[in-house]
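# Survey of secondary and tertiary structure
Now for the letters of each chain:
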Amino acid sequence: MSTEGIIAIAASLAVLGTGVGAALGIGRATGKAVESVARQPEAAGNILKILVLGASLVEATAVYALVVALILLLVK
């Protein structure tokens, strides 16, 4: 297998692993936020703010992995 093929596989695994991790993290956080709102409806505004902040931080890791994968693919 050529070096370019190995780089392509590494880039795809980086994006796949981080994407799956981000999806699981955001899904778990959303589920817990829904449970929290069901228990304390009056705190829904605060819970939403924290959920959006947390989800954006989790999603940032997926964007970083995408950038690294693009760098791996484009720089030779």
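Use the structure listed above.
Residues numbered from 1 in each chain as written. Predicted model: local features only at pLDDT ≥ 70, side-chain atom pairs only at ≥ 80, totals over all residues. Heavy atoms only, no water.

## Some details on the overall build of the protein
Selection criterion: Elements are defined by DSSP. Helices are runs of H or I of four residues or more, strands are runs of E of two residues or more, and each kind is numbered from the N terminus. Our radius of gyration is a C-alpha quantity, and the globule rule it is checked against amounts to 2.2 Å times the number of residues to the power 0.38. Summary of the burial criterion: residues with accessible area below 20% of their type's maximum are buried, those above 50% are exposed, and those between are partly exposed, where the area comes from a 1.4 Å probe applied to protein chains only. Note on areas: Shrake-Rupley with a 1.4 Å probe; residue coverage comes only from the protein chains shown. Charged-residue counts in this description rest on Lys and Arg as positive and Asp and Glu as negative, His and the chain ends being excluded. Charged side chains are reduced to one point each, which is NZ for Lys, CZ for Arg, CG for Asp and CD for Glu.
From N to C terminus, the protein includes two helices and zero strands. Scaling as 2.2 N^0.38, a compact globule of 76 residues should have a C-alpha radius of gyration of about 11 Å, whereas the protein reaches 17 Å, well beyond that. Counting over 76 residues, the protein shows a buried share of 12%. Just so you have it, the protein exposes about 5600 Å², and 73% of that area is on carbon and sulfur atoms. Charge separation in the protein, taken as the distance between the mean sites of 5 positive and 4 negative side-chain charges, equals 4 Å.

## Side note on a nonpolar patch on the surface
Spelled out, the test is: Residues form patches when they are more than 30% accessible in relative terms and have no salt bridge. Like charges link within 9 Å. Nonpolar side chains (Val, Leu, Ile, Met, Phe, Trp, Tyr) link within 5 Å. A pair is scored as a salt bridge if a Lys or Arg side-chain nitrogen falls within 4 Å of a carboxyl oxygen belonging to Asp or Glu.
On the surface, a cluster of nonpolar side chains totalling about 780 Å² of accessible area is made up of Val15, Val63, Leu66, Val67, Leu70, Ile71, Leu73, Leu74 and Val75. Sort the elements by how many residues they give to the nonpolar patch and helix H2 (residues 44–74) lands first, with seven residues. Relative to the helices and strands, Leu66 is located in helix H2. On the basis of relative accessible area, Leu66 is assigned to the partly exposed category, the value being 43%.

## Points about the environment of Ala62
Convention followed: When checking whether two residues touch, look at their non-hydrogen atoms; a contact exists if any pair is within 4.5 Å.
Position of Ala62 relative to the elements: it lies in helix H2. When its relative accessible area of 17% is taken as the criterion, Ala62 is described as buried. Along the sequence, Ala62 and Thr3 sit 59 residues apart, while their C-alpha atoms lie 25 Å from each other. With residues near it in sequence (within four places) discarded, Ala62 still touches Thr18 and Ala22.

## Structural notes on the packing of helix H1 (residues 3–39) against H2
Filter applied, for reference: The convention used is that axes are lines fitted to C-alpha atoms, helices contributing only their stretch in contact, and that angles between N-to-C directions extend from 0 to 180 degrees. Angles are sorted into four bins: roughly parallel if under 35 degrees, roughly antiparallel if over 145, roughly perpendicular if 65 to 115, and oblique for all others. Ten residue types, Ala, Val, Leu, Ile, Met, Phe, Trp, Tyr, Cys and Pro, are classed as nonpolar, four, Asp, Glu, Lys and Arg, as charged, and the remainder, Gly among them, as polar.
Axis separation between H1 and H2 bottoms out at 8 Å; the angle between their running directions is 175°. The angle between H1 and H2 places the two elements in the roughly antiparallel class. Of the residues assigned to the contact of H1 with H2, the class counts are 21 nonpolar, four polar and one charged.

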